[in-house]
Protein chains: 2
Amino acid sequence: MAGELDPRKKQVLQAVIDDYIESAEPVGSRTLARHHDLGVSPATIRNEMADLEMLGYLEHLHTSSGRVPSSKGYRLYVNGLMQPKPLTDAEKAQIDKWYRERVRRVEEVFQETARIIAKVTKNVSLVLAPQMTQAKFHCLQFLPLDDRRVITVLMTDAGFIENKILKMPDGSTFEDFQRMAQVINKNLAGHTLGTIKQNSLSEIKDEIGDDMLYESALEIIHRALDSGKRERLYLGGTTELLEQPEFHDVEKVKETLLMLEEEELMKDILHAHMGDGLEVTIGQENPDKHLQDASIITATYHLDGELLGTIAVLGPTRMEYAKAMSLLEFMNTNLTNVIKRLPW
Amino acid sequence: MAGELDPRKKQVLQAVIDDYIESAEPVGSRTLARHHDLGVSPATIRNEMADLEMLGYLEHLHTSSGRVPSSKGYRLYVNGLMQPKPLTDAEKAQIDKWYRERVRRVEEVFQETARIIAKVTKNVSLVLAPQMTQAKFHCLQFLPLDDRRVITVLMTDAGFIENKILKMPDGSTFEDFQRMAQVINKNLAGHTLGTIKQNSLSEIKDEIGDDMLYESALEIIHRALDSGKRERLYLGGTTELLEQPEFHDVEKVKETLLMLEEEELMKDILHAHMGDGLEVTIGQENPDKHLQDASIITATYHLDGELLGTIAVLGPTRMEYAKAMSLLEFMNTNLTNVIKRLPW
DNA sequence: GGTTAGCACTCACACGGAACGAGTGCTAAC
DNA sequence: GTTAGCACTCGTTCCGTGTGAGTGCTAACC
C-alpha cells in the first residue's frame, strides 16, 4: 500500500526470513549482522527491523527477543525475495530411483509420490489422486464368482482398474450379464465417467429390452462408476512432523494428526486450492482456522490432459518455500511420465 | 519356583496392577489402602509389597516412590489374577455398526478392523491380512486394455481379487491369452495358490503347445500369484498412542512411530507370534529389543478354515489386558461373519 | 507371630529468587 | 543517515528450600 520497500529493507527482510526458516528461533539484530553480510551495524538493522515491524512484515512476540516474520512478510518473501532453489541432479536421480524401485502398479504411484514429497521437504504431504469423472470409460467386464455373485471390473483408458463384487438379481444368469456387458461397452466406450452418469443411457435400455435387467444394469453401472470415481487421498510424512521444532509439544502433534486424519476435511481444503499451477497459501491467508499457523503449497496436475488431481506440502509457516516449490513443480511434470512408463 | 503366593499377596499384587493400569503412576502402600478395601493397614501392605518385590513381581524405581509391576508380575496377573472384562452389548453393537457403515468391499475389512481395535483399546493395532498361499484359486481372466497390454484379474474362492496390468509378448494376440486362460483355469481351479507355485504346471505346457506362449503363461501366473499372495499389514491408532501418558515425550513417540513404519519388521514380529488363539507377550518376554517395554497381544484368525492372518494390539506393558483380550477374541470370531456377509 | 503405629529418612517435584543473556529502544555523537 | 553506548525488558537457567508421597525399621499390641 505505502509503495515499495527500499532495497535495504528488502534485504533485511529476506535475511530475517532466511535465518528464521533455518533456525526456528526469533532473530535479533546482532545475530542477523553476524550471519549475513549486510554491511551495516546491528543498530541500523534494528532501525530497519522496527520499520519493517511497523509496516507489518515482522512481528514481536514480547518486548525483547527477536522478530518473527508475519504472513505478510512471508508473502513478500515468496513473491520475490527468496532465492529459487532448484532440485539438484542427485535429488532428481534419487526420486527416479524411488519410483522405479517401489512402484509396481498405477495405484501405488500416488502413495509413493506422497512419501517422496514428505521425505524431501521433511513436511507432511498430501496427494489427491485424480478425480475420475474426467477419465474415459474403457470397458466393463463381468467375471463369474459363484452362482449368486459376479465380479465387476471397470477399466479406464489410462489403466485405472476398479473391481467390485455384486450380487446377481434373482432370476438372472451370468449369460445375461455378459450380454449386458457387450451392450454397455458398445455404447459407453470413450465417454468420460462424469458424462456417463448424467446421460440417460436410453440406448442401452432399448438394446437390453428386458426392463428388470435394465434396472440392474443401471444399478451396476452406477455402483461401478461410484467406486471408480471415488477420490483417494494419500498422506505422507506424518512422522516428519515430529522433526520440526514447532511440534516439540505433544498436544500440538496430537491436534495436527487428528486434523490430518479427517479425510473429508483435508479433501475440501485441497479442493479449495485446486487451480492452475503452483499456489502458496501462507498462515492467516488460509480461511480454514486449523491452518492459521501453517502454510500449504499446492500444485494441480494433469494426466492425459484431462484428469486432474492435486499434490501439496503442508507445514509450519516457517517452511523452505523455495525448495518445496521446486519439488512440487518437478513432481507435477514428472508424474505423467512415471505413470506412462508403467508397467515396465 | 518357590511355590504359590499366599492369597493375600495375590490380592495385593492384583490391586497394585489394577491401580497402576488405571493411573500410570507408581503405587504406594497408602494409596493402595485407600483405593482398595484390603482390610489391613498400609504398614502391612508395605511388608507384602516388599515381599512381592523380593520375589520379582514388583519393581522399585528408586528408594521411595511406589512400586511398579515387573513383566513377571504382569504375567501372573494375566494368567490368573485379573478380572475378565467381557465386551458389553453396547460395544458389540457399536462394532457391528462401524463395520456396516464403513466397509463396502472385502479389502476394507482389515483396515476397519485395525481402526476399531485401536479405537476400543486406545492402543496401536496391527492387522495382518491373510496369507494367500492357502487361498483357493478360483479363476484367472484376461481383459484387453490396448494392443500391447492386457489386464490380468486373479480371483480366489473367498472373493479376494487382484489385478495387474501386463505387457503382451511380441507376436502374441489377445486370443492367445484367452486360450491360455481357459487352459489355466481348467487345470488350476481349486488348487491353493501356495501349491500352484510349486507344481511343475506341466499339463499346462502340453496343452498350450507353443513353447514361447507357455513361458509367458508361466511368467503371468507367477506374477499374478505374487501380487495375490502379498501379505498386507494394516495399522491403526497411531494417534491413540499420544493419549498414553508414557508417550508424553516426543522422542519416544518418534522412535515408536518410526518402528511402526517399518512394515517388514512389524510383519516379522507378528509372524513370530502366529500360533493358535490368543497370545500375550509382556515386556521383556519379547525377544525384539524394540518392544522390551511394550506388550503385544496377538490372535490368529482363520477364514474358510484355511486362510490365516493375525490381529494384534500393541501397547505399553501397562495395558488393559482384560479388555484387549476380550476384544481380540470377539474380533477374531466375528471376522469370518463380517466377510461372509459381504456384499450386502 | 502376625499386625500396626510411629518415626527417621529418601527423593522427586514445585516454587522462588538470582544471575545471565539476547534483544530492544532511545539518545547523543560521528 | 549511521553507529556506539546504555538502560531496560524479559525469557531461561540454575540453585536452594520446602513439601509430600513413599519406604524401611523398630517397638508395641492383640
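Scroll up to find the structure this text is about.
Presented here is a report on the structure given in the accompanying data block. Note that the coordinates shown come from a computational prediction; the quantities given were computed from them, not determined experimentally. (Residues numbered from 1 in each chain as written. Chains lettered and ligands numbered in written order. Predicted model: local features only at pLDDT ≥ 70, side-chain atom pairs only at ≥ 80, totals over all residues. Heavy atoms only, no water.)

### Concerning the overall build of chain A
Piece 1. On a plain count of helices and strands, chain A comes out with 13 helices and 10 strands.
Piece 2. Dimensions of chain A along its principal axes, counting C-alpha atoms only, are 90 × 40 × 40 Å.
Piece 3. For chain A, buried positions account for 54% of its 344 residues.
Piece 4. Intrachain contacts of chain A at a sequence separation of at least 6 include 59% that bridge at least 24 residues. (Helix = DSSP H or I, 4+ residues; strand = E, 2+ residues; numbered from the N terminus. Buried < 20%, exposed > 50% of the residue type's maximum accessible area, 1.4 Å probe, protein only. Contact = heavy atoms within 4.5 Å.)

### Let's talk about the interface of chain A and chain B
Piece 1. On the chain B side, the residues contacting the 39 residues of chain A number 39 residues.
Piece 2. Together chain A and chain B conceal approximately 3,400 Å² of surface at their shared face, both sides included; 59% is due to carbon and sulfur atoms.
Piece 3. For the pair chain A and chain B, the number of links is 2 salt bridges.
Piece 4. Of the charged contacts in the structure, one is a salt bridge between B:Lys254 and A:Glu243, with a shortest N-O distance of 3.7 Å.
Piece 5. Where chain A touches chain B, the interface holds 2 residue pairs in polar contact (both at pLDDT 80 or more).
Piece 6. Looking at the side of chain A that touches chain B, the elements that each hand over two or more residues are helix 6 (106-121), strand 4 (137-144), strand 5 (149-156), strand 6 (161-167) and helix 11 (250-261) of chain A.
Piece 7. Classifying every residue of the side of chain A that touches chain B gives 19 nonpolar, 8 polar and 12 charged. (Buried area = accessible area lost by both parts, 1.4 Å probe. Salt bridge = Lys/Arg side-chain N within 4 Å of Asp/Glu carboxyl O. Polar contact = N/O pair within 3.5 Å; in protein donor to acceptor, adjacent residues only side chain to side chain. Nonpolar A, V, L, I, M, F, W, Y, C, P; charged D, E, K, R; others polar.)

### Describing the pattern of salt bridges
Residue and element names in this part refer to chain A.
Piece 1. Scanning the entire structure with this criterion turns up 39 salt bridges over all chains.
Piece 2. Among the ionic pairs, Glu 48 bridges to Arg 8, the shortest N-O distance being 2.6 Å. Of this pair, Glu 48 sits in helix 3 (residues 42-54) while Arg 8 is found in helix 1 (residues 7-23), placing the two residues 40 residues apart along the sequence.
Piece 3. For Arg 8, a relative accessible area of 35% puts it in the partly exposed group.
Piece 4. Note that Arg 318 is salt-bridged to Glu 246, the shortest N-O span being 2.7 Å. Of this pair, Arg 318 sits in the loop between strand 10 (307-316) and helix 13 (321-340) while Glu 246 is found in the loop between strand 7 (233-236) and helix 11, placing the two residues 72 residues apart along the sequence.
Piece 5. A relative accessible area of 23% places Glu 246 in the partly exposed class.
Piece 6. A single salt-bridge network, built from bridges that share partners, covers Asp 6, Arg 8, Lys 9, Glu 48 and Asp 51.

### Points about the protein's contact with DNA strand D
Piece 1. Contacts to DNA strand D come from 21 residues, most closely from A:Arg8, A:Thr44, A:Ser64, B:Ser29 and B:Thr31.
Piece 2. In this structure, a base oxygen belonging to DNA strand D sits 3.4 Å away from a side-chain N or O atom of A:Arg46.
Piece 3. Within the side chain of B:Arg67, a nitrogen or oxygen atom sits 3.1 Å from a phosphate oxygen of DNA strand D.
Piece 4. The leading source of residues in the surface near DNA strand D is helix 3 of chain A, at 4 residues.
Piece 5. Among the residues forming the surface near DNA strand D, the class breakdown is 3 nonpolar, 13 polar and 5 charged. (Near = heavy atom within 4 Å.)

### Notes on the packing of aromatic side chains
Residue and element names in this part refer to chain B.
Piece 1. Tallying each qualifying case throughout the model produces 6 aromatic pairs over all chains.
Piece 2. Taking 5.7 Å as the distance between ring centres and 50° as the angle between the ring planes, the aromatic pair formed by Tyr 74 and Tyr 321 counts as tilted. Of this pair, Tyr 74 sits in helix 4 (residues 71-81) while Tyr 321 sits in helix 13 (residues 321-340), and the two are 247 residues apart along the sequence.
Piece 3. Relative accessible area serves as the criterion here: at 2%, Tyr 74 is assigned to the buried category. (Phe/Tyr/Trp six-rings, centres within 6.5 Å; stacked < 30°, edge-to-face > 60°.)

### Points about the sheet that holds strand 4 (residues 137-144) of chain B
Residues and elements named next belong to chain B.
Piece 1. Within the open sheet, the 3 strands sit side by side as 4-5-6. Their pairing is antiparallel. Every other strand in the sheet has two partners, leaving strand 4 and strand 6 (161-167) as the edge strands with one partner each. Between one strand axis and the next, the sheet turns by 20° as a mean value, whatever way the strands run.
Piece 2. Across 7 bridges, strand 5 (residues 149-156) lies against strand 6 in antiparallel orientation. (Pairing = 2+ DSSP bridges. Axes fitted to C-alpha atoms, helices over the stretch in contact; angles between N-to-C directions.)

### Brief notes about the relation of the copies chain A and chain B
Piece 1. Of the transformation superimposing chain A on chain B, the axial component is 0.0 Å and the angular component is 180°, with the fit at an RMSD of 0.1 Å. Overall, the copies show the geometry of a two-fold rotation axis. No C-alpha of chain A approaches the rotation axis more nearly than that of A:Val250, which lies at 3.1 Å.
Piece 2. When the interface residues of chain A are mapped onto chain B, 100% of them again fall at the interface, so both copies present the same face. (Least-squares fit on C-alpha atoms with pLDDT ≥ 70 in both.)

### Side note on the packing of helix 5 (residues 89-102) of chain A against helix 13 of chain A
Residue and element names in this part refer to chain A.
Piece 1. The interhelical angle for the contact between helix 5 and helix 13, taken along N-to-C directions, is 45°, at an axis separation of 12 Å. Taken together, the axes of helix 5 and helix 13 lie oblique to each other. As for the relative orientation of helix 5 and helix 13, their crossing is right-handed in sense. Where helix 5 abuts helix 13, its residues Glu 91, Lys 92, Ile 95 and Tyr 99 lie against Lys 323, Leu 327, Phe 330, Met 331, Asn 334, Leu 335 and Val 338.
Piece 2. Split into classes, the residues belonging to the contact of helix 5 with helix 13 amount to 7 nonpolar, 1 polar and 3 charged. (Parallel < 35°, antiparallel > 145°, perpendicular 65-115°, else oblique. Left-handed = near helix turned anticlockwise from the far one by under 90°.)

### So, unusual backbone geometry
Piece 1. Phi at A:Ser64 takes a positive value of approximately 65°, unusual for a residue other than glycine.
Piece 2. Tracing the sequence through the fold places A:Ser64 in the loop between strand 1 (58-60) and strand 2 (67-69).
Piece 3. With phi around 90°, B:Ser65 is a residue other than glycine that occupies positive phi space.
Piece 4. Turning to its location among the elements, B:Ser65 is positioned in the loop between strand 1 (58-60) and strand 2 (67-69).
Piece 5. Exposure remark for B:Ser65: the relative accessible area of 42% places this residue in the partly exposed category.

### What about the nonpolar core?
Piece 1. Counting 189 residues, the largest nonpolar core has A:Tyr321 and B:Tyr321 as the members making the most contacts within it.
Piece 2. In this structure, A:Val253, A:Leu257, B:Leu126 and B:Leu128 belong to the second largest nonpolar core, which totals 42 residues. (Core = buried A, V, L, I, M, F, W, Y, C linked by side-chain atoms within 4.5 Å.)

### Points about the protein's contact with DNA strand C
Piece 1. Among the 21 residues in the neighbourhood of DNA strand C, the closest are listed as A:Ser29, A:Thr31, B:Arg8, B:Thr44 and B:Ser64.
Piece 2. In the environment of DNA strand C, a phosphate oxygen lies 3.2 Å from a nitrogen or oxygen atom belonging to the side chain of A:Arg67.
Piece 3. Note that a phosphate oxygen of DNA strand C is positioned 3.3 Å from one of the side-chain N or O atoms of B:Thr63.
Piece 4. Those elements that provide at least two residues to the surface near DNA strand C are helix 2 (29-35) and helix 3 of chain A together with helix 3 (42-54) of chain B.
Piece 5. Take the surface near DNA strand C: its biggest share by element is 4 residues, from helix 3 of chain B.
Piece 6. Its residues placed into classes, the surface near DNA strand C shows 3 nonpolar, 13 polar and 5 charged.

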